[in-house]
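So you can see what is in the structure, the chains are spelled out below.
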Amino acid sequence: MKAKELRELDKEALANKIEEIEGLQLKLRFQKVSGQLENPSRMRSTRRDIARAKTILTEKGNA
């Protein structure tokens, strides 16, 4: 997810998006452990999406 798309969301929607992405990350972890993960790079991109969203949420909180 792009930062521009995340900046358009309000705080509540952004917090919901973070929860959604963290749920996806959990699913990917289970797939990795069970050997079903087909695209390991999704783990990295998911982790970065969470960090990006949390950073934007912090910026909005300080503004």
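The structure we're discussing is the one just above.
Let us look at the structure shown here.

What counts as what
Residues numbered from 1 in each chain as written. Predicted model: local features only at pLDDT ≥ 70, side-chain atom pairs only at ≥ 80, totals over all residues. Heavy atoms only, no water. Axes fitted to C-alpha atoms, helices over the stretch in contact; angles between N-to-C directions. Helix = DSSP H or I, 4+ residues; strand = E, 2+ residues; numbered from the N terminus. Parallel < 35°, antiparallel > 145°, perpendicular 65-115°, else oblique. Left-handed = near helix turned anticlockwise from the far one by under 90°. Contact = heavy atoms within 4.5 Å. Nonpolar A, V, L, I, M, F, W, Y, C, P; charged D, E, K, R; others polar. Core = buried A, V, L, I, M, F, W, Y, C linked by side-chain atoms within 4.5 Å. Buried < 20%, exposed > 50% of the residue type's maximum accessible area, 1.4 Å probe, protein only. Salt bridge = Lys/Arg side-chain N within 4 Å of Asp/Glu carboxyl O. Expected span 1.5 Å × (residues − 1). Arc of directions from axis to C-beta.

### Examining the packing of helix H2 (residues 11–34) against helix H3 (residues 41–62)
At their nearest, the axes of H2 and H3 sit 9 Å apart, and the two run at 160° to each other. Taken together, the axes of H2 and H3 lie roughly antiparallel to each other. Crossing hand, H2 versus H3: left-handed. Together, Lys11, Leu14, Ile18, Ile21, Glu22, Leu24, Gln25, Leu28, Arg29 and Lys32 of H2 and Arg42, Met43, Thr46, Arg47, Asp49, Ile50, Ala53, Lys54, Ile56, Leu57, Lys60 and Gly61 of H3 make up the contact between the two elements. The residue inventory of the contact of H2 with H3, partitioned by class, reads 10 nonpolar, 3 polar and 9 charged.

### Considering the nonpolar core
By size, the foremost hydrophobic cluster in this structure holds 5 residues: Leu6, Leu14, Ile18, Ala53 and Ile56. For this core, the secondary-structure elements that each account for two or more residues are H2 and H3.

### What about the pattern of salt bridges?
Counted under the stated rule, the structure contains 4 salt bridges. Put simply, Glu59 and Arg7 hold a salt bridge, and the shortest N to O gap is 2.6 Å. Of the two residues, Glu59 sits in helix H3 while Arg7 sits in helix H1 (residues 3–7), which places them 52 residues apart along the sequence. Residue classification places Glu59 among the partly exposed residues on the basis of a relative accessible area of 39%.

### Some remarks on H3
With 22 residues, H3 ought to run about 32 Å at 1.5 Å a step, and its terminal C-alpha atoms sit 32 Å apart, in line with that. Within H3, the full set of buried residues consists of Met43, Thr46, Asp49, Ile50, Ala53 and Ile56. Around the axis of H3, the buried residues are gathered within 160° of arc, so they sit on the same side. Against H1 and H2 lie the buried residues of H3.

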